[in-house]
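Below are the chains, spelled out letter by letter.
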Amino acid sequence: MSNIRDYLEAHKQEMIDLLSALVAIPSVQGKAEEGAPFGKEPAEALALMLDKCREFGFTVDNVENYAGSADVNDLPVGLAVLNHLDVVPVGAGWTTDPFVLRYEPETDKLVGRGAIDNKGPAVAALFAARAVRELGLPLKKGIRLIFGTNEENGSADLEYYRKHRELPPMVFTPDGEYPVINAEKGMLRVWFSSDFDDDEILDIQAGTVINAVPQFCTVNIENDEGEPEEAVYEGVSAHASTPEKGENAITMFLDSYCGENMLIRSLGELFPHGEFSGRSCGLGFRDELSGDMTCVLSMLNTENGRLCGAVDIRFPLDRTKAEISGIICEALEGAGFSVDSCEGVEPHCTDENSEFVRGLLRVYERVTGDKAHCIAIGGGTYVHDIEGGVAFGAEFPNEDGRMHSPDEFITVANLLKNAEIMAEAMAELCG
């Protein structure tokens, strides 16, 4: 451990410089063009990372700019570390340029879009592999770094990569949190609509994305004088996998509604304000490992004479997509809506007693000195569709690096700590 730690400390500035160069590339998904399936910036970020891997002596493979990989040695590959180099759009609220990495000495923070999600961890993974290689740690299996470019918009990069390359038996992604995420709830996204003609309600606009608790719901009504009048309901935004951390502006409106429109009243009955489990829709399931399911009415808008809505559901490991979709679709149709689309994925779970997972837990305990355990989440990570895959880092317990938010960051100390943990994991699992 001390050799790895000293090595990484000696290369700290190189790590920061590479992260700075990656953050400077605004690798948000763009328009597809020849040689750049997700836009030129994600392809540019991949090229930079693969060039650096080549410089360090790794064997590089670019799979048509969907994703790329770097093999640390020439042994049969036993472990892959999966990162992504694309980022979400900037959004409002940044205090400085999000594409210029800023160091705050007083907090040790490196601030910039992608710092924690997932360019910082990708840099940590690269220098972890470099440390293992240059320190000459004994290995019996090969190690591969994989860098994707479309995780934030559906992981079409990984789907393409897997059609053209095989994954090794062990895969972890530092795109979640420690100690180990081995279980992820199933996910369902439902879009619904109905004809809408109301003498009082002129317009409803609420929610911008399906996977977030809506902060605002704006309703235009016709007052007693026949004039339009705007009412704005303000809640608290949160990720749809943790709706209890927010307050839903749509259900605030539904809860206050006293009119006669049956569509609005029915939605109020299906989605009571303050209920997060979907019990009123006939759901409300839970299991021992993953806990309570969540159900969020996250969008509601009037468009071209129709009332359109969307629901985000995260369901337990012991339920199926078919079962959950059947229940929610029947509830919405019974309320007078047509279901326009219903898409999702089954739950994901990797055995916590597998040698792979136990090895990662041992490493985490050894490096941090903290007790390690497996955790289940409502969100989905990069390995959701990879059998046996887990998330391992990069956020530490009780840490919030402001993923997807203004002033996203990783501390220098945690950049180095992530690299140390990953280097130890490579040595543990492949040595």
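Here's a quick rundown of the structure.

Calculation notes
Residues numbered from 1 in each chain as written. Predicted model: local features only at pLDDT ≥ 70, side-chain atom pairs only at ≥ 80, totals over all residues. Heavy atoms only, no water. Core = buried A, V, L, I, M, F, W, Y, C linked by side-chain atoms within 4.5 Å. Buried < 20%, exposed > 50% of the residue type's maximum accessible area, 1.4 Å probe, protein only. Contact = heavy atoms within 4.5 Å. Pairing = 2+ DSSP bridges. Helix = DSSP H or I, 4+ residues; strand = E, 2+ residues; numbered from the N terminus. Axes fitted to C-alpha atoms, helices over the stretch in contact; angles between N-to-C directions. Parallel < 35°, antiparallel > 145°, perpendicular 65-115°, else oblique. Left-handed = near helix turned anticlockwise from the far one by under 90°. Nonpolar A, V, L, I, M, F, W, Y, C, P; charged D, E, K, R; others polar. Disulfide = S-S within 2.5 Å. Phe/Tyr/Trp six-rings, centres within 6.5 Å; stacked < 30°, edge-to-face > 60°. Lys NZ or Arg CZ within 6 Å of the ring centre and 35° of its normal.

### Brief notes about the nonpolar core
Met49 and Phe172 are the most contacted members of the largest nonpolar core, which totals 68 residues. What Met49 contacts, discounting residues up to four positions off in sequence, is Leu18, Leu22, Leu85, Ala122, Val123, Leu126 and Phe147. Judged by nonpolar contacts, the second largest core, of 37 residues, contains Cys217, Leu297, Val311 and Ala335.

### As for the sheet that holds strand E14 (residues 228–234)
Spatially, E14-E13-E11-E18-E19-E10-E20 is the arrangement adopted by the 7 strands of the open sheet, whose pairing is antiparallel. Each end of this open sheet is capped by a strand with a single partner; those strands are E14 and strand E20 (338–345). Ignoring strand direction, the axes of neighbouring strands in this sheet form an average angle of 20°. Bridging between strand E13 (residues 216–222) and E14 involves 7 bridges; their strand directions are antiparallel. Its bridge partner lying in E14, Glu222 is registered against Pro228.

### Topic: the pairing of strand E3 (residues 77–84)
Counting buried residues along E3, 7 of its 8 residues qualify, which places the element largely inside the surrounding structure. With 7 bridges connecting them, E3 and strand E6 (residues 142–148) associate as parallel partners. Looking across to E6, one finds that Ala80 is bridged to Arg144. Pairing geometry for E3 and strand E7 (residues 170–173), over 3 bridges, is parallel. Across the sheet, Leu79 pairs through a bridge with Met170, a residue of E7.

### Here's the deal with the packing of helix H1 (residues 2–10) against helix H10 (residues 412–430)
Running from N to C, H1 and H10 cross one another at 140°; their axes reach a closest spacing of 10 Å. Relative to H10, the element H1 lies oblique. The two elements H1 and H10 cross, and the hand of that crossing is right-handed. In contact with Ile4, Arg5, Leu8 and Glu9 of H1, H10 contributes Leu416, Ala419, Glu420, Ala423 and Glu424. The residue inventory of the contact of H1 with H10, partitioned by class, reads 5 nonpolar, no polar and 4 charged.

### A look at the sheet that holds strand E5 (residues 109–111)
Strands pair in a sheet through their backbones, by hydrogen bonds, and they do so in one of two ways: parallel or antiparallel. Read from one edge to the other, the open sheet built from 3 strands follows the order E4-E5-E25, with strand pairing classed as antiparallel. Every other strand in the sheet has two partners, leaving strand E4 (102–104) and strand E25 (409–411) as the edge strands with one partner each. Within this sheet the neighbouring strands show an average axis-to-axis angle of 25°, counted without direction. Two elements, E5 and E25, share 3 bridges in a ladder whose sense is antiparallel. Across the sheet, the residue bridging to Lys109 is Thr411, located in E25. The sheet strands contacting H10 are E4, E5 and E25, and the helix crosses E25 at an angle near 75°.

### Digging into the environment of Gly176
Checked against the element boundaries, Gly176 lands in strand E8 (residues 176–177). With 97 residues separating them in the primary sequence, Gly176 and His273 have C-alpha atoms 30 Å apart. When residues no more than four places from it in sequence are discounted, the contact partners of Gly176 are Ile181, Ala391, Gly393, Ala394, Glu395 and Met403.

### Examining the state of the cysteines
Applying the stated criterion across every chain yields a total of 0 disulfides. Here Cys329 stays unpaired: no disulfide links it, and the sulfur of Cys342, its closest cysteine neighbor, is 4.0 Å away. On the basis of relative accessible area, Cys329 is assigned to the buried category, the value being 14%.

### Remarks on the packing of aromatic side chains
Inspection of every chain in the model, using the stated rule, returns 10 aromatic pairs. Ring centres 4.7 Å apart and planes at 35° place the aromatic pair Tyr178 and Phe396 in the tilted group. Of the two residues, Tyr178 sits in the loop between E8 and strand E9 (180–184) while Phe396 sits in the loop between strand E24 (394–395) and E25, which places them 218 residues apart along the sequence. The two residues Tyr178 and Phe396 agree in class, both being buried. Here the aromatic residues Phe172, Tyr178, Tyr364, Phe392 and Phe396 are joined through ring pairs into a cluster of three or more. Residue placement shows Lys109 over the ring face of Phe409; its charged tip is 4.2 Å from the ring centre. The ring centre of Phe56 lies 3.9 Å from the NZ or CZ of Arg130, which sits over that ring.

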